[in-house]
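These are the residues of each chain, in order.
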Amino acid sequence: DDACKFIKESDPSFNLNDIDVNDEKTYGLISSGNTLGIFQLESGGMRQMLTELSPDRFEDIIAAIALYRPGPMDSIPKYIESRHNSVKVTYAHPLLEPILSSTYGCIVYQEQVMSIFRVIAGYTYGHADIVRRAISKKKGNVLEAEKDNFINGAIANGVDKNIAERLFDDIASFANYAFNKSHAAAYALISYRTAYLKAHYPCEYMAALITSVLGNMTKLAEYISECGKYNIKVLPPDINESRLLFHPHGNTIVFGLLALKNVGKQFIDNIITERDLNGKFTSFEDFITRTAQYDINKRMIESLIKVGAFDNLGVFRSQLLVSYEAIIDTESQKNRNNLVGQMDMFSAFSNYSDIKPAFKYPDIPERPAKEKLKMEKEV
């Protein structure tokens with residue numbers, strides 16, 4: 001949803017419901033295994049399977065999601081081999097072909113199990129659904145109690161007893177973990193949509209993705225690193241560019257201020273409101289003057305300095321760190337004086353009311369790069 005909002009900022013007509021479900025670029029991304037950040041498809045094992053499977057249609061994504069689970073996972077090599085070579089597709093009995101042809105002879109879904117019970121053993125729809133519910137609730141004893149009924153029904157339908165027993169054992173071995181296809185299809189739709197967004201709108205999608213893992217430093221670092229593969233630069237926090245959350249800006253992503261420690265959402269909202277109403281901040285003192293009304297917290301200002309949010313205002317972090325408290329105290333005192341009706345000697349003259357001397361920062365060098373990096377990591 002966040003990604004779509006970003007896209008609509010430049011393309012108001014964009015609608016996720018209208019995307020092409022047969023998009024070649026999307027399947028190319030999925031088949032390449034570059035699915036970090038893609039719903040259900042980002043684990044290492046899943047990415048390896050996708051590169052071997054090379055999905056090129058929606059059905060393949062549904063199957064991949066259903067297969068990559070304990071139990072059905074045993075069928076992955078056979079599924080992939082048969083997917084690429086139809087000669088390898090085999091069926092234990094001809095009656096199984098209409099049921100298993102879409103999954104190349106492999107049992108993948110609960111719905112297929114229901115169909116096997118009906119077609120092979122003559123179960124009614126209702127009786128087959130009892131079996132499905134036993135599978136979905138992991139009631140192995142209920143499934144095992146059906147073995148004799150299944151085999152007898154299969155024999156009555158002309159199926160060899162050995163084939164029926166082997167088929168039942170195959171079902172029982174993976175049934176505790178089987179997906180129903182409708183569930184896997186719903187997952188696959190979200191997987192496809194997230195892959196489409198990453199393939200066509202990588203900057204907008206990655207900005208939304210990074211925002212979604214705020215607080216998880218491992219994932220945050222992983223996704224920021226992923227941006228490099230798409231030549232997307234993640235810019236550092238900037239008091240004049242950053243929003244509350246990460247957001248795309250051209251082919252870059254600007255760091256969201258909410259990701260910083262000790263900086264509250266309400267204060268960030270106030271900063272952005274002030275910036276939208278009265279323009280960008282021209283100096284650190286300008287920032288303090290214009291935000292003083294919002295109950296400035298020195299700890300928040302310190303965090304913003306340490307992370308470099310004021311770097312583009314022309315003053316070293318080293319200078320700000322030794323001066324920010326004095327600047328805040330001066331502004332707070334001025335506001336208190338105004339509240340009690342005190343005025344300085346020039347305030348009666350309108351020509352001079354906006355004049356104030358620039359703050360004199362100490363003449364000291366910037367902190368070493370290693371120390372700045374340490375502060376950034378801290379915040």
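A brief structural summary. This one's a predicted model, so the numbers in the text were calculated from it and none came from an experiment.

## What about the overall build of the protein chain?
Here comes step 1: Within the protein chain, the regular secondary structure consists of 19 helices and three strands.
Here comes step 2: The C-alpha atoms of the protein chain give a radius of gyration of 31 Å, which is well past the 21 Å a tight globule of 379 residues would have.
Here comes step 3: Projecting the C-alpha coordinates of the protein chain onto the three principal axes gives extents of approximately 110 × 40 × 40 Å.
Here comes step 4: Within the protein chain, the proportion of its 379 residues that are buried is 44%.
Here comes step 5: A total of about 19,800 Å² of accessible surface is found on the protein chain, and carbon and sulfur atoms cover 51% of it.
Here comes step 6: Here the protein chain carries 43 positive and 48 negative side-chain charges, and the mean point of each set is 3 Å from the other.

## Details of the sheet that holds strand β1 (residues 233-235)
Here comes step 1: An order of β1-β3-β2 is seen for the three strands of this open sheet, with the pairing classed as mixed. Each having just a single partner strand, β1 and β2 (247-249) make up the two edges of the open sheet. Going from strand to strand, the sheet's axes swing by 35 degrees on average, the running direction of each strand aside.
Here comes step 2: Here three bridges tie β1 to strand β3 (residues 252-254), and the two strands are oriented parallel to one another.

## Considering the side chain of S191
Here comes step 1: Along the chain, S191 falls in helix α12 (residues 181-200).
Here comes step 2: A residue is classified by how much of its surface remains accessible, and S191, at 0% relative accessible area, is buried.
Here comes step 3: Residue contacts for S191: discarding those within four places in its chain leaves I38, F39, Q40, L41, I61 and I65.

## Here's the deal with helix α3 (residues 44-53)
Here comes step 1: All buried positions along α3 are accounted for by M46, M49, L50 and L53. The buried residues of α3 occupy an angular sector of 100 degrees when the element is viewed end-on, so they sit on one face.
Here comes step 2: Contact partners of the buried residues in α3: α2 (24-32), α4 (58-67) and α5 (76-84).
Here comes step 3: Immediately downstream of α3, the backbone of S54 shows phi near 50 degrees, a positive value.

## Comments concerning the environment of S32
Here comes step 1: As for its placement among the helices and strands, S32 is situated in helix α2.
Here comes step 2: Polar contacts involving the side chain of S32 include one to the side chain of N34, which spans 3.1 Å.

## Focus on unusual backbone geometry
Here comes step 1: One non-glycine residue, S54, adopts positive backbone phi at about 50 degrees.
Here comes step 2: Relative to the helices and strands, S54 resides in the loop between α3 and α4.
Here comes step 3: Overall, the relative accessible area of 30% leaves S54 in the partly exposed class.

## Brief notes about the nonpolar core
It is characteristic of soluble globular proteins that their nonpolar side chains tend to be buried jointly.
Here comes step 1: Ranked by size, the top nonpolar core spans 87 residues in total, and within it I253, F284, F287, I301, L304 and F310 carry the most contacts.
Here comes step 2: In this view, I301 contacts F267, F284, F287, I288, I296, F310, Y324 and I328; residues no more than four positions away in its chain are not counted.
Here comes step 3: Residues I107, A121, Y123 and A154 belong to the second largest nonpolar core, which totals 25 residues.

## Details of α2
Because an α-helix packs 3.6 residues into every turn, residues spaced three or four apart end up facing the same way.
Here comes step 1: Taken together, the buried positions of α2 are T26, Y27, L29, I30 and S31.
Here comes step 2: Looking at the buried side of α2, the elements it contacts are α3, α4 and α12.

## Digging into the pattern of salt bridges
Here comes step 1: Tallying each qualifying case throughout the model produces 26 salt bridges.
Here comes step 2: Between R57 and D60 there is a salt bridge, with its nearest N and O atoms 3.6 Å apart.
Here comes step 3: Taking relative accessible area as the criterion, R57 reaches 35% and is therefore assigned partly exposed.
Here comes step 4: A salt bridge links R317 to E376; the nearest nitrogen and oxygen atoms lie 3.0 Å apart. Of the two residues, R317 sits in helix α18 (residues 317-339) while E376 sits in helix α19 (residues 369-378), which places them 59 residues apart along the sequence.
Here comes step 5: One connected set of salt bridges, linked through shared partners, spans D56, R57, D60 and R83.

Definitions and limits used
- Residues numbered from 1 in each chain as written.
- Predicted model: local features only at pLDDT ≥ 70, side-chain atom pairs only at ≥ 80, totals over all residues.
- Heavy atoms only, no water.
- Helix = DSSP H or I, 4+ residues; strand = E, 2+ residues; numbered from the N terminus.
- Rg over C-alpha atoms; globule rule 2.2 N^0.38 Å.
- Buried < 20%, exposed > 50% of the residue type's maximum accessible area, 1.4 Å probe, protein only.
- Areas by Shrake-Rupley, 256 points an atom, 1.4 Å probe, with all protein chains shown as cover.
- Lys, Arg positive; Asp, Glu negative; His and termini not counted.
- Charge placed at Lys NZ, Arg CZ, Asp CG, Glu CD.
- Pairing = 2+ DSSP bridges.
- Axes fitted to C-alpha atoms, helices over the stretch in contact; angles between N-to-C directions.
- Contact = heavy atoms within 4.5 Å.
- Arc of directions from axis to C-beta.
- Polar contact = N/O pair within 3.5 Å; in protein donor to acceptor, adjacent residues only side chain to side chain.
- Core = buried A, V, L, I, M, F, W, Y, C linked by side-chain atoms within 4.5 Å.
- Salt bridge = Lys/Arg side-chain N within 4 Å of Asp/Glu carboxyl O.

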